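These are the residues of each chain, in order.
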Amino acid sequence: MALLQRTFEKRDLRDPSLIRAIFSNTWLAPLWLLARLYLGYQWLLAGSHKVWGEGRWIAVGGPDGLPLRSFWERAIAIPEQGRPAITYDWYRDFLTFMVNHEWYRWFSWVIALGETTVGILLIVGAFAGLAALAGAFMNFNFMLAGSASINPVLFVIALLILFGWKTAGWIGVDRWLLPALGTPWQPGPVFRRVLKGRVANEACPVCQMPVDPARSPASAYNGLIYLSCCPVCKERLDAQPARYIVGLGPAIPVPAEG
Amino acid sequence: MNKALALVTGVTAWAAVAVVAVLIVFNMGGKNQVFMFLPILAVVAAAWAIGELVTERVFTGHEKGV
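For every chain, the first residue of the written sequence is number 1, and numbering continues from 1 onward in sequence order. Labels are handed out in written order, letters beginning with A for the chains and numbers beginning with 1 for the ligands. Reporting in this predicted model follows two pLDDT cut-offs: at least 70 for local features of residues, and 80 or more for side-chain atom pairs to be given and counted; totals over whole chains, interfaces and linings ignore these cut-offs and use all residues.

A. The arrangement of the packing of helix H6 (residues 104-124) of chain A against helix H1 (residues 3-28) of chain B in detail. Remark: H6 of chain A packs on H1 of chain B, axes separated minimally by 9 Å, with the N-to-C direction vectors making an angle of 130 degrees. With respect to H1 of chain B, the axis of H6 of chain A lies oblique. Seen along the crossing, H6 of chain A lies across H1 of chain B with a hand that is right-handed. Here Ile120, Ile123 and Val124 of chain A of H6 of chain A lie close against H1 of chain B, whose contacting residues are Trp14, Val17, Ala18, Ala21 and Val22 of chain B. Note on definitions: angles span 0 to 180 degrees between N-to-C directions of axes, and those axes are lines fitted to C-alpha atoms, for helices only across the stretch in contact. Where helices and strands are cited, they refer to DSSP runs of H or I of at least four residues and of E of at least two residues respectively, numbered from the N terminus. Orientation is classified from the angle alone, with under 35 degrees giving roughly parallel, over 145 giving roughly antiparallel, 65 to 115 giving roughly perpendicular, and any other angle giving oblique. By definition, any crossing whose near helix is turned counterclockwise from its far helix by less than a right angle is left-handed, and any crossing with a clockwise turn is right-handed. With C-beta atoms placed from the backbone, a contact is any residue pair whose C-beta atoms sit within 7 Å.

B. Layout of helix H8 (residues 151-163) of chain A. With 13 residues, H8 of chain A extends 18 Å between its outermost C-alpha atoms, agreeing within 8% with the 18 Å of an ideal straight helix rising 1.5 Å per residue. If you follow the buried residues of H8 of chain A, they end up packed against helix H3 (29-51), helix H7 (128-144) and helix H9 (165-168) of chain A. For a helix, the expected span equals 1.5 Å multiplied by the number of residues minus one.

C. H6 of chain A, seen in detail. With 21 residues, H6 of chain A extends 30 Å from end C-alpha to end C-alpha; this agrees with the ideal 30 Å at 1.5 Å per step. Where H6 of chain A ends, the next residue or the one after it, Gly125 of chain A, has phi of about 70 degrees, a positive value.

D. Seen up close, the domain arrangement of chain A. Domain boundaries shown here were taken from an automatic or database domain assignment. Assigned domains within chain A: domain 1 (27-174) and domain 2 (184-244). Computed over C-alpha atoms only, the centres of domain 1 of chain A and domain 2 of chain A are separated by 39 Å.

E. Region of the structure containing the interface of chain B and chain A. Counting residues at the interface gives 22 residues for chain B, matched by 18 residues for chain A. Per element, the largest residue contribution to the side of chain B that touches chain A is 8 residues, and it comes from H1 of chain B. Across the side of chain B that touches chain A, the residue classes tally to 14 nonpolar, 6 polar and 2 charged. In this classification, Asp, Glu, Lys and Arg are treated as charged, Ala, Val, Leu, Ile, Met, Phe, Trp, Tyr, Cys and Pro as nonpolar, and every other residue, Gly included, as polar.

Okay, structure coming up:
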């Protein structure tokens, strides 16, 4: 039991300063901007070919997604000589299922609009991390289907942007969007306004000082917002919420503070 | 300048980036990647400047980072 407790004890493992400087510091925002623009441009270009022009995948006269069906059929084909495009049988079965059920008709819309949306979001820097994640997922699927092309390069760039999600959109909409929305564990002003009736406390749970609903750091537990008077108290609250919030769960024994 | 106007200005600037990028790529995409990339970079720089000079200045004291 003690072994399990020691293994799963809460420990905050900090990144080295170099990693934090690259992925969490705004001084490299111009570099992230270039990576973001390149990736966004590539996705927007790929999406434009699918939603616009002669060879588009969607909104055509006949059934949508015929080029996608051809791509899937080429991918799932097993040649008499040489290796098939798809290595994993489960992925070939998955594509075969989609071909047989004519899913290319609606899936072509998902891919075409998805690529275009990811491109736009990356270029304007809105939800850059999520956009990069969606792009990486598409790259991953194209690679599973045996299509290399520029997918490995885009995949690596998307992963780097994903690691640097906090600063990747600093020169972009995320600079205002992310602080306004916040995160599930630290709601921003927008969500605080929405959840105004769900603020659970008027005094800091840690030191009992009064809190300011507009500015105090917020934490979310059990669907309620708990405001702390300062970042230090918020850190203490988040480290041991059961100690400071009555009824949240069994209190975690901690050594007395000096 | 009040906050609503500053917010609208910032949103409009970045919406313009999206519109310009889509127009450039959809109409001329694939011809010359450098010629496509530079105008997009230019409008992004313009939107960033508007954000710094207008929106950020009005919304002083907002929480930095997440």
